[in-house]
Structure formats: structure tokens, C-alpha cells
Amino acid sequence: VQLQASGGGLVQAGGSLRLSCAASGLTFSVYNMAWFRQAPGKEREFVAAIIRGGGSTYYADSVKGRFTIARDNAKNTVSLQMNSLKPEDTAVYYCAADPQLLPGPNQYDYWGQGTQVTVSS
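Asks: So what exactly am I meant to see when it comes to the sheet that holds strand 3 (residues 17-24) here?
Replies: Whenever strands of a sheet pair, they do so through backbone hydrogen bonds, lying parallel or antiparallel. Reading across from one edge, 1-3-8-7 is the order of the four strands in this open sheet, with antiparallel pairing throughout. Whereas interior strands pair on both sides, the edge strands pair on one side only; in this sheet they are strand 1 (2-6) and strand 7 (67-72). Neighbour-to-neighbour, the strand axes of the sheet open up by a mean angle of 15°, direction not taken into account. The pairing of strand 1 with strand 3 spans five bridges and is classified as antiparallel. Bridging across to strand 3, S6 finds its partner in S20.

Structural data, given as C-alpha cells:
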């Protein structure tokens, strides 16, 4: 199983980035997908999740209204559109997959390698 995250980069505060995660080696449509992030010196934290069929989404309060998670089951991809970025959004962003809905952060079956997002002030 591979989860390949991409799309990170350096952006000014107020800007936008779109992360993408391509999944292979698993039956993508039966997995709930999520994005987490980890800033230097901090624990990994939940950002957003989307259920198998894409009908329901969940967001951390810190990103609600600014980030949008979406999935394309035909292409085995999940994305995270990030708007109105803030310096505190700076972190390595990881995609994760699990058949359970919103398991604990350490209970996801599969993790991607992470992509760096840096927001300058």
C-alpha cells in the first residue's frame, strides 16, 4: 500500500495551496481518508477527514471554513484545498487511510510520507 502526498510548498499568508494524496495497493473506496499535520516540536494533529463515499466531511476547528477535503474514488485520490493560509498552518501534512471512521490518530492503517507546507508572514 502506498499513499503519495504532494502539493506542499512555500506560500505567503493569505494564499492557497492544494494538497493531493494518491493511493495505490488498497481498495480505496472502502477506506475513510484523513489529513493530519505535524509542526516542529508539536504532536501530530487531525486536520480533516472524509468518509468512504465522500458524503460527510469533518474538520478541526482551526481549519473549518478555510480548508476543504474531497476525494475522487475513480482516481483513488484525496485532496485538501487550503485557503486563507496562516503562518500557524506551517507543518508537514500527512494523508492517512483507515476503514474505521475517525479512529485515534495512532490507529490509522496507512500513512503517506508527508508534504511540507510553509506559510510566511
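Asks: Please explain the state of the cysteines as it appears in this structure.
Replies: Each disulfide consists of one covalent bond between the sulfur atoms belonging to two cysteines. Within the structure shown, the criterion is met by one disulfide. Note on cysteine connectivity: C21 is disulfide-linked to C95, with sulfurs 2.1 Å apart. Taking the sign of the S-S torsion, 60° for the link of C21 and C95, the bridge is right-handed. Here C21, found in strand 3, pairs with C95, found in strand 9 (residues 91-98); they are 74 residues apart in sequence, far enough to count as distant. The class of C21 is buried, set by a relative accessible area of 1%.

Asks: Looking at this model, I keep getting lost on unusual backbone geometry. Mind explaining?
Replies: Among all residues except glycine, the phi angle is most often negative; among peptide bonds, the trans geometry is most common. A positive phi is found at S84, a non-glycine position, where the angle reads about 50°. Along the polypeptide, S84 turns up in the loop between strand 8 (77-82) and strand 9. Under the relative-accessibility criterion, S84 is labelled partly exposed at 40%. A positive phi angle, close to 50°, is found at L102, a residue other than glycine. Topologically, L102 is positioned in the loop between strand 9 and strand 10 (110-111).

Asks: For this particular structure, what's the right way to read the packing of aromatic side chains?
Replies: The relative placement of two aromatic rings is captured by the distance of their centres and the angle of their planes. Counted according to the given criterion, the structure contains five aromatic pairs. Seen in terms of ring centroids, Y31 and Y110 are 5.9 Å apart; in terms of plane orientation they differ by 55°. Their pairing is tilted. Here the residue Y31 occupies a position in the loop between strand 3 and strand 4 (32-38), and Y110 occupies one in strand 10, the gap between them amounting to 79 residues. The exposure class assigned to Y110 is partly exposed, which follows from its relative accessible area of 28%. Summarising the aromatic geometry, the rings of F36 and Y108 are spaced 5.2 Å apart at their centres and angled 80° between planes, so their arrangement reads as edge-to-face. You can see F36 sitting in strand 4 and its partner Y108 sitting in the loop between strand 9 and strand 10, a full 72 residues away along the chain. We classify F36 as buried; its relative accessible area is 2%. If you follow R44 out to its NZ or CZ, it ends over the ring of Y94, 4.2 Å from the centre. For R71, the ring lying beneath its charged end belongs to F28, and the centroid distance is 4.4 Å.

Conventions and cut-offs
- Along each chain, the written sequence defines residue order, and numbers are assigned to residues from 1.
- This being a predicted model, a pLDDT of at least 70 is required before a residue's local features are given, and a value of 80 or more before pairs of side-chain atoms are given or counted; all residues contribute to the totals for chains, interfaces and linings.
- Neither water nor hydrogens contribute to the side-chain values; these are computed over all heavy atoms in the structure.
- Only strands joined by at least two bridges in the DSSP assignment are considered to pair.
- Elements are defined by DSSP. Helices are runs of H or I of four residues or more, strands are runs of E of two residues or more, and each kind is numbered from the N terminus.
- Inter-axis angles, ranging from 0 to 180 degrees, are taken between N-to-C directions of lines fitted to C-alpha atoms, where helices are fitted over the stretch in contact.
- Sulfur atoms of two cysteines make up a disulfide when they are within 2.5 Å.
- Buried means the residue's accessible area, taken with a 1.4 Å probe over protein chains only, is under 20% of the maximum for its type, while exposed means over 50%, and partly exposed covers the values in between.
- Pairing of aromatic side chains requires ring centres within 6.5 Å, counting the rings of Phe and Tyr and the six-membered ring of Trp. Pairs whose planes differ by under 30 degrees are stacked, by over 60 edge-to-face, and all others tilted.
- When the NZ atom of lysine or the CZ atom of arginine is within 6 Å of a ring's centre and also within 35 degrees of its normal, the charge is said to sit over that ring.

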